[in-house]
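Coordinates in review
Now for the letters of each chain:
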Amino acid sequence: MATISIFYGIIISMMYMDNKQHSAPHVHADYQGHSVVLSIPDGDILAGDFPPKKLKLVRAWIEIHYEDLLANWQLAVNGKTIFTIEPLR
């Protein structure tokens with residue numbers, strides 16, 4: 001799993017070759033013992049739970065960086081190096 005962004009204590013990552021369990025493009029977010037998997041297209045929770053205020057921040061970040069996230073997804077599922085994405089400020 002590669003970290004692609006960190007902001008407000010939230011670590012956002014994407015796994016290489018991770019299209020089996022959750023076939024939709026998605027990211028993993030971790031914050032103080034909470035973990036969630038969020039769909040990139042719509043920000044829906046695919047697995048896990050997250051504090052509501054932090055979830056709102058991650059969803060806003062996904063919306064802002066939608067195109068970059070989809071490009072990273074294509075790289076990741078093909079086992080190629082993904083790039084970091086600007087944090088939410």
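Residues numbered from 1 in each chain as written. Predicted model: local features only at pLDDT ≥ 70, side-chain atom pairs only at ≥ 80, totals over all residues. Heavy atoms only, no water.

1. Quick word on the pairing of strand β4 (residues 34-39)
In terms of strand pairing, strand β3 (residues 26-31) meets β4 through 6 bridges, oriented antiparallel. Each residue of the ladder has a partner; that of Val 27, found in β4, is Leu 38. Summarising the sheet, β4 and strand β5 (residues 45-48) pair through 3 bridges and their orientation is antiparallel. Bridged to Val 36 within β5 is Gly 48. Between β4 and β5, which pair antiparallel in sequence order, lie 5 residues; one of them, Gly 43, sits at a positive phi of approximately 75 degrees. (Pairing = 2+ DSSP bridges. Helix = DSSP H or I, 4+ residues; strand = E, 2+ residues; numbered from the N terminus.)

2. A word on the nonpolar core
Soluble, globular proteins show a tendency: their nonpolar side chains are buried together. With 24 residues, the main nonpolar core has Ile 4, Ile 12, Met 14, Val 27, Val 58, Trp 61 and Leu 69 as its most contacted residues. Those elements giving two or more residues to this core turn out to be β1 (2-7), β2 (10-14), β3, β4, α1 (52-64) and α2 (66-77). (Core = buried A, V, L, I, M, F, W, Y, C linked by side-chain atoms within 4.5 Å. Buried < 20%, exposed > 50% of the residue type's maximum accessible area, 1.4 Å probe, protein only.)

3. Things to note about α2
Compared with the 16 Å implied by 1.5 Å per residue over 12 residues, the 17 Å span of α2 between its first and last C-alpha is a close match. Among the residues making up α2, those that are buried are Leu 69, Asn 72, Trp 73, Ala 76 and Val 77. Along α2, the residues classed as buried sweep out an arc of 120 degrees about the axis, all on the same side. The inward-facing, buried residues of α2 contact β1, β2, β3 and α1. Immediately downstream of α2, the backbone of Gly 79 shows phi near 75 degrees, a positive value. (Expected span 1.5 Å × (residues − 1). Arc of directions from axis to C-beta. Contact = heavy atoms within 4.5 Å.)

4. Things to note about the pattern of salt bridges
Scanning the entire structure with this criterion turns up 1 salt bridge. Glu 86 is the partner of Arg 89 in a salt bridge, and the nearest nitrogen-oxygen pair spans 2.9 Å. Given a relative accessible area of 49%, Glu 86 falls into the partly exposed group. (Salt bridge = Lys/Arg side-chain N within 4 Å of Asp/Glu carboxyl O.)

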